[in-house]
Each structure stands twice: as C-alpha cells, then as structure tokens.
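Observations on chain architecture
Residue strings, one per chain:
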Amino acid sequence: EDMATAPPPASPTVDLGRSFTFVTEDPEWVTKILVGGLFTLLSAVLVGIPFVLGYWGRTLNNVAAGQTRPLPSWDDLGGIFSDGLRLLGVYLAYTLGLTLAVAALSCVFVAPLVALGTVGGLDDGPGALFGALGGLGTLLFALLATVLSLAAVVYLPAAMARAALRDSFSEGFSWREITAFIRANPGNYALALVFYLVASFLAQFGMILCCVGIFPLGFWSYLILAYGLGETVRLNPTSMPS
C-alpha cells in the first residue's frame, strides 16, 4: 500500500499584529519615536534624512538578528548618520538612474514625434499622422514610466535592505542577489510592503493632531517596513546570507 506523501510544511509568515505593535514593547519607545519624528520633520530640510535611514537600517538589522526589543537607542548619532548616508546614496543612485532613463526614453521616442506633429499643422496629412503617433507615443511613454516606477517601488526596499544588512554601499547594487531574495520570499516580501503602505496611510491621520502627529507616525511607518523586511530575512536567512 502506497503511503500518502505529506505536504511540505508551510513557510512561516511575518506576524501582522507584531509588525504594528513591536515598537510599543520597548520601555523607551515613546522617546525613541518622538526623536525619530523630530528627524522626520527635519527631513524636509534634508538634515534629518540620514538619521531616519540610519535608524531604519539598524532596526532592520536587529529584527533580522532576532532581538526581542529591536529598537536601537539614539546614543550613537554619528554612527546612525554615517549608516544613513550610505543608504541615502543607494536611494539617490537608483532614483537618479530611473529619472535619467525615463528622460532618455522621452527624448528618443516621444519628443521627435511630437515635434514632427507640429510641422505643417495638424490639418495636413503627414502632420496629422505624426501628431497621432506623438499622442500614442506619449501614452506609451506614460505607461512605461508607470511600470518602471512601480518596479522601482517593489525593488528598492530589497536593495536598501541588502545594503543595510551588509553594511556596504556597493551591495545595494547586487541586482542578482537582490532579485533572488525577492523571488525566494514573495509572500513575506509582499506583506512587508503592504504593511508599510497601510501604516503610511494610517500615519496621515496624524494631521488631525495639528499636523504634529504626522511626523512620529510617519517614522513609525518606516519602522514597520524595517520590521517586515527584517522578519523576512530572519525567517529565511539563506535568502540573504551575511
């Protein structure tokens, strides 16, 4: 008699509830979040961005390491700033590269057709044809730009997570390893991004608190992303080897 084959064990998933509550498990969480909110406010003048990113990266590392209370302290501002500058460099390199790619596509494919469409007026046969092609090119360009932007939104958190976990700027561009990490953890990686989007939406309600609450809540939403990505690594450490 053939024995039934047992189904493979289900992969563990990121805990939704703890993603939103792990911050409050730290006895100093109020102070840490308020300081983070201050740096989030200062991000409007660029000064706070490295501090926010550096703290984000350290939280991610602590979660991936399985620390019970992963929120780092703010007593190493110089180190946090340095870590954040590395992550900021990764972010800017990707966003600048994407912007240049979209601009190049626009110049090569869309601008010539639009320019030709204005020659001789749209009432002329060739002008009308090129005008129609220009409109179609503009539409296709907009669709392509949207697809590239969505791909960047999905890809960039993994790239920054790798740079943070490996303490290396160059590791943020190891695209084979980064895409392999996403493919190895499709469910948990998607959950991490969804939890962050939900938290970002909820953070908008901070506007009710005379606009002040939006900054601590916004910082809290970043930490939820750090937790989700860190848990994804912790639950499948071979997908992001150290």
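Everything below is about the structure shown above.
Residues numbered from 1 in each chain as written. Predicted model: local features only at pLDDT ≥ 70, side-chain atom pairs only at ≥ 80, totals over all residues. Heavy atoms only, no water.

**Comments concerning unusual backbone geometry**
- In this model, Leu-46 sits at a positive phi of 75°, which is unusual for a non-glycine residue.
- Taking the relative accessible area as the measure of exposure, Leu-46 reaches 61% and is therefore exposed.
- Positive phi values are uncommon outside glycine, yet Asp-167 reaches one of about 50°.
- Within the secondary structure, Asp-167 sits in the loop between helix H5 (125-166) and helix H6 (175-184). (Buried < 20%, exposed > 50% of the residue type's maximum accessible area, 1.4 Å probe, protein only. Helix = DSSP H or I, 4+ residues; strand = E, 2+ residues; numbered from the N terminus.)

**Points about the layout of surface pockets**
- Considered as a void within the structure, the largest pocket measures approximately 870 Å³ in volume.
- Around the largest pocket, the lining comprises 26 residues; the ones closest to its centre are Tyr-91, Leu-156, Met-160, Tyr-196 and Leu-225.
- When contributions to the lining of the largest pocket are tallied by element, the ones reaching two or more residues are helix H3 (49-64), helix H4 (77-117), H5, helix H7 (186-203) and helix H8 (214-235).
- Examining the composition of the lining of the largest pocket, we find that 8 residues originate from one element, H5, more than from any other.
- Its residues assigned to classes, the lining of the largest pocket comprises 22 nonpolar, 4 polar and no charged. (1 Å grid on protein atoms, 1.4 Å probe; cavity = no way out; pocket = protein on both sides within 12 Å on 5 of 7 lines; lining within 4 Å. Points joined across faces, edges and corners; volume = space filled by probe spheres on them. Nonpolar A, V, L, I, M, F, W, Y, C, P; charged D, E, K, R; others polar.)

**Overview of the pattern of salt bridges**
- Within the structure shown, the criterion is met by 8 salt bridges.
- Residue Arg-86 pairs with Asp-167 through a salt bridge whose shortest N-O separation is 3.6 Å. Of the two residues, Arg-86 sits in helix H4 while Asp-167 sits in the loop between H5 and H6, which places them 81 residues apart along the sequence.
- On the accessibility criterion, Asp-167 (52% relative accessible area) is exposed.
- A salt bridge links Glu-171 to Arg-162; its shortest N-O distance comes to 2.8 Å. (Salt bridge = Lys/Arg side-chain N within 4 Å of Asp/Glu carboxyl O.)

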